[in-house]
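Residue-level structural notes
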Amino acid sequence: MARHPQRDLYESTLVEIGRITTTWAKFEHWVDVAIWYLAGVEDRRGACITTRLGSIHAKFRALEALMVEAGRPEPILKIIRGIAGEAADVVKTRNKFVHGPLDMDVNKETKEFEVYLKHISVRGKGVLTLDSEVLTTSELEIAQAKVAGVYQKLIKHWHEIIDIPSAEELAQ
């Protein structure tokens, strides 16, 4: 049975959006785990707390406060503040894909199928944004790179955040 080009395009777009959102979910999970660890609570009790922290901003404020309470040194606190700042920017990218409805249409000039991402928001004093833009493979790749980058920074410094030996130290 022949595949429909529009279905292939739509499904591949969904796969890439899934990659972005799943990587972000892993990132947030490891922030949560650090909070649980530093708070000295087991996972189920910790999850009762972190599921109520509705934003990545709140999670990083809690993480930093716990790191200060645990006496973590200033260099790692500075690193975690940098990751938090980057995450505050990257979450906007993640949200664009998580909350932006997708649509498909045929480009009248090229006669090719295109996937569109809708932007719907109200900002400031009731200014409504309601528009659509073509969602490109390049845009998806850039978004995934941003999300993966902040996740990798967190994992790179994981042992310093919660004060455990690094894998290299354990191997010696």
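The sections below set out a description of the structure shown in this document.

Conventions used here
- Residues numbered from 1 in each chain as written.
- Predicted model: local features only at pLDDT ≥ 70, side-chain atom pairs only at ≥ 80, totals over all residues.
- Heavy atoms only, no water.
- Helix = DSSP H or I, 4+ residues; strand = E, 2+ residues; numbered from the N terminus.
- Rg over C-alpha atoms; globule rule 2.2 N^0.38 Å.
- Buried < 20%, exposed > 50% of the residue type's maximum accessible area, 1.4 Å probe, protein only.
- Contact = heavy atoms within 4.5 Å.
- Areas by Shrake-Rupley, 256 points an atom, 1.4 Å probe, with all protein chains shown as cover.
- Lys, Arg positive; Asp, Glu negative; His and termini not counted.
- Charge placed at Lys NZ, Arg CZ, Asp CG, Glu CD.
- Expected span 1.5 Å × (residues − 1).
- Pairing = 2+ DSSP bridges.
- Axes fitted to C-alpha atoms, helices over the stretch in contact; angles between N-to-C directions.
- Arc of directions from axis to C-beta.
- Parallel < 35°, antiparallel > 145°, perpendicular 65-115°, else oblique.
- Left-handed = near helix turned anticlockwise from the far one by under 90°.
- Nonpolar A, V, L, I, M, F, W, Y, C, P; charged D, E, K, R; others polar.
- Phe/Tyr/Trp six-rings, centres within 6.5 Å; stacked < 30°, edge-to-face > 60°.

Now for the overall build of the protein. Of regular secondary structure, the protein possesses seven helices and three strands. Secondary structure elements of the protein occur, N-terminal to C-terminal, as α-α-α-α-β-β-β-α-α-α. Taken over the C-alpha trace, the protein has a radius of gyration of 20 Å; the compact-globule value for 172 residues is 16 Å, which it surpasses by more than 25%. Considered along the principal axes of its C-alpha atoms, the protein spans approximately 60 × 50 × 30 Å. When each of the 172 residues of the protein is scored for burial, the buried share is 33%. In the protein, the share of contacts with a sequence separation of at least 24, taken over all contacts with a separation of at least 6, comes to 59%. Element-wise, carbon and sulfur atoms account for 55% of the exposed surface of the protein, whose accessible area totals about 10800 Å². Computed over 23 positive and 25 negative side-chain charges, the separation of the two mean positions in the protein equals 4 Å.

In this model helix H3 (residues 56–69) runs 20 Å from its N-terminal to its C-terminal C-alpha over 14 residues, within 8% of the 20 Å that 1.5 Å per residue would give. Backbone geometry just after H3 places Gly 71 at a positive phi near 75 degrees.

Turning next to the sheet that holds strand E3 (residues 127–134). If you walk across this open sheet you meet the three strands as E1-E2-E3, and the pairing is antiparallel. Only two strands of the sheet have a single partner each, and these edge strands are strand E1 (102–106) and E3. Recorded for the sheet is a direction-independent mean angle of 30 degrees between the axes of neighbouring strands. Direction of pairing for strand E2 (residues 113–123) relative to E3: antiparallel, over a ladder of eight bridges. By the bridge assignment for E3, Lys 118 is matched with Ser 132.

In a regular helix each residue adds 1.5 Å, so 20 residues correspond to 28 Å; helix H5 (residues 137–156) covers 28 Å between its end C-alpha atoms and thus fits that length. Regarding H5, the residues found buried are Glu 139, Leu 140, Ala 143, Gln 144, Val 147, Ala 148, Val 150, Tyr 151 and Leu 154. Seen along its axis, H5 keeps its buried residues to an arc of 160 degrees; they face one direction. Exposed and facing more than 90 degrees away from the buried side of H5 are Thr 137, Glu 141, Gln 152 and Lys 156.

What follows concerns the packing of helix H4 (residues 74–99) against H5. Interaxial distance between H4 and H5 falls to 10 Å at its minimum, and their mutual angle equals 150 degrees. Put simply, H4 runs roughly antiparallel to H5. The interaxial crossing formed by H4 with H5 has left-handed handedness. Between H4, through Ile 80, Ile 83, Glu 86, Ala 87, Val 90, Thr 93, Lys 96 and Phe 97, and H5, the contact on the second element is made entirely by Glu 139, Leu 140, Ala 143, Lys 146, Val 147, Gly 149, Val 150, Lys 153 and Leu 154. Across the contact of H4 with H5, the residue classes break down as 10 nonpolar, two polar and five charged.

What follows deals with the packing of aromatic side chains. Each aromatic ring pair is summarised here by two numbers: the centre-to-centre distance and the angle between the ring planes. Tallying each qualifying case throughout the model produces three aromatic pairs. On the basis of an interplanar angle of 50 degrees and a centroid distance of 4.9 Å, the ring pair of Trp 24 and Phe 27 is categorised as tilted. On the criterion of helical spacing, the pair formed by Trp 24 and Phe 27 is a turn pair, its members being three residues apart in helix H1 (residues 5–39). What makes Trp 24 buried here is its relative accessible area of 1%. A relative accessible area of 0% places Phe 27 in the buried class. Between Phe 27 and Phe 60, the ring centres sit 6.0 Å apart and the planes meet at 35 degrees, which makes this aromatic pair tilted. Highlighted residues: Phe 27 in helix H1 and Phe 60 in helix H3, separated in sequence by 33 residues. Here Phe 27 matches Phe 60 in class, with each residue buried. Three or more aromatic residues joined by ring pairs make a cluster, and in this case those are Trp 24, Phe 27 and Phe 60.

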